[in-house]
Every structure is written in C-alpha cells, then in structure tokens.
Amino acid sequence: MNVTIRRRNKKKYREWVLWLLLLPSLMGMLIFYLLPFFLSMYYAMIDNVVSHRFVGLQNFIDTFHNLSFQQALKNTAFFILVGVPLNLICSFTIANLLKKVTKLKVFFGLIFLIPMIIPAGAVVFVWKSIFDVNGILNWVLYSVGLPMKNWLESEWVLGIVIIIFLWKNIGIGMILFWTGLNRIPKTYYEMARVEGGGAMGQLFHITLVYIMPTGFVAALLSIINSFKIFKEIFLLFGNYPSEWVYLLQHYMNNQFLAANAQKLSASAGIISAFIVSVLFFFFHSQRKLSEHFS
Amino acid sequence: MIKRKTWQSGLLYVCIMALALVTLLPIVLLLTNSLMSGREIVSRYSMDITIFNVLNTEYIKAGDESFHFVEMAFLPDYITFHQYFKLFFNSPEYLRLFWNSVILCVPIVVGQCIISVPAAYAFERLQWKYKEYLFFIYIIVMLMPTQVLLVPHYLLAEMVTLPPYLAIILPGIFSPLGVFLLRQQLKGFPHECLEAAQVDGAAHGTILYHIVLPNMKPSVAVLVMITFADYWNIVDQAIVFIKNAFDEPMSIALSKVMQNDTSMFFAMACFYIVPIVVLFMACRDYISQELSFVGVKN
C-alpha cells in the first residue's frame, strides 16, 4: 500500500520534470509561431491597423480577386502539378536502377544527396550561363541551326525552373524509394515468379502496392520542397520576375515589401489552409490504404 | 546467359555514373573555374544583355558583332590561385559577408539542439492524453512554407522591434523540425532500458544525459547538418528582414557579386560551400544510418 502511494507520487514528480524539459520548446512555439499566427489571422479580418474595423472574410475575397494573386496561384499550381509527379517518377526510376547496383551503393547514394545541401546562391550562376540569352543552350541550338530563344524571359521559364527543382530534389526522393524498395520482402517476387507473373505484373501488383507508403512520404516532402524553389527563382530574377514565373512566394514577398499586414495575413491564411488540407488528405488516405492492405 | 548479365550490369553502371556526373557537374564547374584568372572569367562569362533589352526580340541573331556565347570550360587556360588570394587578403567586404552567414547560422544550430533534445525526450516519455495532438501541431508548423511562417515572425518583429538578426535567429531556434526528427529516432529506442533506469531511481535528467544522448548522436548530427544547410542557404527570411547591404548573408549577397563582380564569383562560391560540404562529409555515416531509419519509421 505504502509502496504504491510512493510510486504514484514519484510518477507525478517525474511528469512534472518532463513538462519542465518540454517547456522551453513549448514557449518558443507559442511566442514565435502560434500566437503571432493567430494575431495575423486577426489582422486578416480587419480593414486596416488604424481603425481595426472587423470586415470578416473581405480580405480573403479581395486576395482571390487580385489578378497577380491569380497569376501566382496558377503558376504555383502548374509548377507543383508538373514538378512533383515528375520528381516522383524520376526518383522512383533511378531508385530501381540503384537497387540493382551492388558496388559503391552508399557512395552513389551520397552523391545524389549533394545537390540538396549546396546553397542556391552558389549554383545559380551555372543555371544562368546555361539558359541565358547567350548561354550554352542557345549555343547548342545555334550550332544545330535551330531558332534560339530568350529562355529566361519566355513562357518556357517554368520548365527551366522544374529542371532545377528536379536536379535538387531527385536525390532525396530516390533515397526514400531506395530504402522502401529494399524493405519489400524478396519472397513476394519469388512467389510471383513461381506463379508465372511477368515483370510488368510484378511492378504493378507488388512493387507499386508496397511502395505506396514511401510514395506518400516522398510526395509530401516533394510538395514541401517545391515551395523552397523560391530561393533559386529569386536569385535568378529578383523581386519582380516575368509573369511566367510569378509564384505565390513572390506575391507574398511583394506584400512584405509593401508592408501590407492585411493582404499578407490573408494570403498566409489561404496558403496555410491549403497545406493543412493537403496534410489531412495525405494522412487520411494513408490510413485508408494501410487498412486496405493489412 | 552470364554474358548478357555482365553486359546489362555494365550498362547499369554507365547509367548511374552518367547520372552522378550530371548531378556533380555544377559543383565541379565551380571548383575548376575558381582557378581561372579574373580576366579569363570575365571574357568567358560576360553577358552583354543590354543590347538585347534594346532589341527586345524573341529570337536573337547570333551574327551580331557584340554577341558572343558563354564559353563554359572545365579547365582554365592556366591555373592560378589569384582569385582566392584576392578574396582572402584583398577584399574584407566579402569576408564580412561570410562572417554574416556564420553568425546567423551558428546560434540557430546550437540553440536548436539545446531546445530540441530535451523536448523530444519529454514528448516521448510524457503520458499526457493529448500529447499526440500537440505533436501534430508541431508537424503542421514544420511543413509550412517559409513565406507563411514569415508572416507571424514579421508581425512579431514589427511589434517588439526586434533587430533583423534576432528576428531570424529566435524563430529559427524554436523551429519544430528538431523535435520531430529526434522524437522519430527516440521511438525506436528500447523503452525497457529507460524504464529499468527509472526503477533504479535515476532522474530524467540523468537518463537523458547518460543514456539517451550518447545514443542519439547520429540523429543530432543529422539535425545539425539539415539545420545548418537550411540556414546557410537562407534567402526568404533575409530579404524580408535585412535591409542593410553590409549585413546580408552570403546566400543573397553572392547573386549580387555574380552581377557586379563576376570575376570573384567562383572563388567566393567555393569558399561559401566549403563549410556545408565538410559538415556533410563528416556526417555521412550518420546520414546513411538515419535515412534508412526514417524510411522504416514512416
């Protein structure tokens, strides 16, 4: 009896210590992330910082009607809808290649990770000298006799940005897929072979099915990283790029320059609502999938 | 049969090698071109863009006299360390940019570790009913794009008039990434071990310091690397908060050097990537360990 009481007291004491260990991080989260975020949501619903008149969702509606916001939304959606699937397909394919490699596995894996850590500012010059008016790409086109183009100012520029995105992000996706592939038990393939399944059947009925959870993680990571492409684009084009690469990040950045707290908060609210719904979709469908297959 | 197999694996290695080469190409280019003389760099890479703005044509005539293509080369005409010499002994303003990056990154990395290690441990050991919900908030914040998180930081910095560096460093220290990464690692830690220590009367602090921390070395190393890489490459926050050109970190100043002082660019870029590459190489074993682990957990 006595012992249990003492143990319970001790447990309580220990929980208290744990809260103490968590406290700094929790306070930091509150002060620097959560409270200011709620403050920004408040700013999004007033008309200006002087009168503090409550206008409800008017700022959000205005933001949606803003032409440059629409352009930014369109470009960002295009970039994510093309870039992320491409990234997944490429990294999955290379992971399949790498799976068959027996020597120097780790060496290659590390090499493909290097673009991830190289700062955007250092390689931006290389992209510029390839794609600029007098860059390597135009030189090749000229030597072959094809018409040249000012790529960085044309409607193709988003394609170039996708190439840069792929260069940077294939590595991490590939490593994820690679570890995922190695976790699929070899016996599944052996069974399929005994039962006469072809290479295509193995791909669709075993590999793609069991790689699905990894695919989810890779897709999520890829979407998150797709927002980081702003670094490259900013260093290439500055604050006011051509309309073809004007992304949501530029829109927000220009609101920072204008120091417009209302528009800023409204667009932050819209983007975070988007991210949260993507997250819920991912977690929901992942749970459904794992129920389906277990 | 055997012959076909070796042929196939040969092709496979050629493919992988080619991919690795393409991946490394920009970095190799930086390294070799940093050994060029300043004049060679300018003559190779000068981009006379003004004329095209005047012409404003979609298709450019390459016959124009003032037009010349970039002559990218992997080997300099002759090798010289002059650009490095100039960088280290002749241009303190560029060294200062490097130093700006250092004093921005190091406090964030150190603070992040100090805050995250106990918090991750507490998250794993707490028996509070709603802790997973709290953790989910951490995950959501972690996955937000920088621009979205910048809004709260910006409003806060405006309200209490934080100096620019602090406005970047403080939120960076409390970024939820570290707590997430370290907790994922702790989930795989044998809990019997911790409970045994607890039964023997060890306090949480002792367990954390003597049992958990030594075993978390790989994930802390990876956390250090990821955080450092992230803030060494800082762009978004810096262009919002830092107004004074002298205070800019290397990450954004480098693109200005690219435009205004092209000859110095390659040497500076190489100098700039040295710390992160060294860190990456130092952590490479931990990274491969950790990556296979994250895969398992998810």
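Please read all numbers here as calculations on a predicted model, not as lab measurements.

### Overview of the overall build of chain A
- Tallying secondary structure elements over chain A gives twelve helices and zero strands in all.
- Taken from the N to the C terminus, the helices and strands of chain A come in the order α-α-α-α-α-α-α-α-α-α-α-α.
- Taking 294 residues into account, the globule formula puts the C-alpha radius of gyration at 19 Å, and chain A, at 25 Å, lies well above it.
- C-alpha atoms of chain A, sized along the principal axes, occupy 90 × 70 × 35 Å.
- Burial statistics for chain A: of 294 residues in total, 37% are counted as buried.

### What about the UniProt feature "domain: ABC transmembrane type-1" (unreviewed entry) in chain B?
- If you check UniProt for "domain: ABC transmembrane type-1" (unreviewed entry), the listed places come out as residues 98-283 of chain B in our numbering.
- The straight-line gap between the two end C-alpha atoms of residues 98-283 of chain B is 22 Å; of that span, 82% is helix and 0% is strand.

### Focus on the domain arrangement of chain A
Residues and elements named next belong to chain A.
- Annotation of chain A at the domain level lists domain 1 (1-44) and domain 2 (63-293).
- In this structure, domain 1 and domain 2 have C-alpha centres spaced 37 Å apart.
- Each partner contributes to the interface: domain 1 provides four residues, whereas domain 2 provides six residues.
- A per-class count over the side of domain 1 that touches domain 2 returns three nonpolar, one polar and no charged.

### Let's talk about the domain arrangement of chain B
Residues and elements named next belong to chain B.
- One can read the domain layout of chain B as domain 1 (2-84) and domain 2 (87-297).
- Contacts between the two partners involve ten residues from domain 1, matched on the other side by nine residues from domain 2.
- Where the side of domain 1 that touches domain 2 is concerned, the elements lending two or more residues are α1 (2-33), α2 (38-45) and α4 (82-90).
- The leading source of residues in the side of domain 1 that touches domain 2 is α2, at four residues.
- Across the side of domain 1 that touches domain 2, the residue classes tally to six nonpolar, four polar and no charged.

### Considerations on the UniProt feature "transmembrane region" (unreviewed entry) in chain B
Residue and element names in this part refer to chain B.
- As annotated in UniProt, the feature "transmembrane region" (unreviewed entry) corresponds to residues 12-31, 97-123, 135-156, 162-182, 220-242 and 262-283 in the numbering used here.
- Helix makes up 100% of residues 12-31 and strand 0%, with an end-to-end C-alpha separation of 28 Å.
- Helix makes up 76% of residues 162-182 and strand 0%, whereas the separation of the span's terminal C-alpha atoms amounts to 30 Å.

### As for helix α10 (residues 230-237) of chain A
- For α10 of chain A, the tally of buried residues reaches seven of eight residues, placing the bulk of the element in the interior.
- Those residues of α10 of chain A that sit buried are F230, K231, E232, I233, F234, L235 and L236 of chain A.
- Buried residues belonging to α10 of chain A abut α5 (120-131), α7 (157-182) and α11 (248-258) of chain A together with α13 (236-241) and α14 (250-260) of chain B.
- Looking at the residues trailing α10 of chain A, positive phi occurs at G238 of chain A, about 80°.

### Describing the packing of helix α5 (residues 92-125) of chain B against helix α8 (residues 164-173) of chain B
Residues and elements named next belong to chain B.
- Running from N to C, α5 and α8 cross one another at 25°; their axes reach a closest spacing of 8 Å. It follows from the interaxial angle that α5 and α8 lie roughly parallel. Between α5 and α8 lies a crossing of right-handed hand. In this structure, α5 uses L104, P107, I108, G111, Q112 and I115 to contact α8, whose residues at the interface are Y165, I168, I169, G172 and I173.
- Tallied by class, the residues present in the contact of α5 with α8 amount to eight nonpolar, three polar and no charged.

### Let's talk about the UniProt feature "transmembrane region" (unreviewed entry) in chain A
All names here are of chain A.
- UniProt marks residues 16-39, 76-95, 107-127, 156-181, 202-224 and 264-283 with the feature "transmembrane region" (unreviewed entry), using the numbering shown here.
- For residues 16-39, the helix share is 100%, the strand share is 0%, and the end-to-end C-alpha distance is 30 Å.
- Along residues 202-224 one finds 100% helix and 0% strand; the C-alpha atoms at either end are 31 Å apart.

### Focus on the interface of chain B and chain A
- In this assembly, 81 residues from chain B lie in contact with 79 residues from chain A.
- Sorting elements by how many residues they give to the side of chain B that touches chain A places α1 of chain B first, with eleven residues.
- Of the residues belonging to the side of chain B that touches chain A, the class tally is 63 nonpolar, 14 polar and four charged.

### A word on the environment of W244 of chain A
All names here are of chain A.
- Here W244 is to be found in the loop between α10 and α11.
- Here W244 falls in the partly exposed class, since 18 other C-beta atoms lie within 10 Å of it.
- Distance from W244 to I233, taken between C-alpha atoms, is 11 Å for residues eleven residues apart in sequence.
- If we skip the residues at most four places from it in the chain, W244 touches E155, V157 and L158.

### A short note on unusual backbone geometry
- Within the chain, T161 of chain B stands out as a residue other than glycine whose phi angle is a positive 45°.
- Locating T161 of chain B in the fold gives a position in the loop between α7 (146-160) and α8.

### Let's talk about α7 of chain B
All names here are of chain B.
- Between its terminal C-alpha atoms α7 stretches 21 Å, which fits the 21 Å expected from 15 residues at 1.5 Å a residue.
- Among the 15 residues in α7, eleven count as buried, and that is most of the element.
- One or two positions beyond α7, positive phi appears at T161, with a value near 45°.

### A closer look at the UniProt feature "domain: ABC transmembrane type-1" (unreviewed entry) in chain A
- Per the UniProt record, "domain: ABC transmembrane type-1" (unreviewed entry) is found at residues 73-283 of chain A.
- Helix makes up 79% of residues 73-283 of chain A and strand 0%, whereas the separation of the span's terminal C-alpha atoms amounts to 24 Å.

### Comments concerning the nonpolar core
- Grouped together as the largest cluster of nonpolar side chains are 128 residues, with contacts concentrated most on V161 of chain A together with L254, M268 and A269 of chain B.
- Of all the elements, α5 of chain B adds the most residues to this core, at 13 residues.
- Filtering out sequence-adjacent residues up to four positions away, V161 of chain A remains in contact with F79, I229, I233 and V245 of chain A.
- Judged by nonpolar contacts, the second largest core, of 15 residues, contains F92, I170, I175 and L176 of chain A.

### Re the packing of α2 of chain B against helix α15 (residues 262-282) of chain B
Residues and elements named next belong to chain B.
- Between α2 and α15, whose axes approach to 7 Å, the crossing angle comes to 110°. In terms of axis orientation, α2 runs roughly perpendicular to α15. Along its contact with α2, which presents G38, I41, V42 and Y45, the element α15 presents T262, S263 and F266.
- Each residue belonging to the contact of α2 with α15 can be placed in one class, and the counts come to four nonpolar, three polar and no charged.

Definitions and cut-offs
Residues numbered from 1 in each chain as written. Chains lettered and ligands numbered in written order. Predicted model: local features only at pLDDT ≥ 70, side-chain atom pairs only at ≥ 80, totals over all residues. Helix = DSSP H or I, 4+ residues; strand = E, 2+ residues; numbered from the N terminus. Rg over C-alpha atoms; globule rule 2.2 N^0.38 Å. Buried ≥ 20, exposed ≤ 12 C-beta atoms within 10 Å, placed from the backbone. UniProt positions renumbered as here; feature names shortened; annotations may be inferred. Domains from an automatic or database assignment. Contact = placed C-beta atoms within 7 Å. Nonpolar A, V, L, I, M, F, W, Y, C, P; charged D, E, K, R; others polar. Axes fitted to C-alpha atoms, helices over the stretch in contact; angles between N-to-C directions. Parallel < 35°, antiparallel > 145°, perpendicular 65-115°, else oblique. Left-handed = near helix turned anticlockwise from the far one by under 90°. Expected span 1.5 Å × (residues − 1). Core = buried A, V, L, I, M, F, W, Y, C linked by C-beta atoms within 7 Å.

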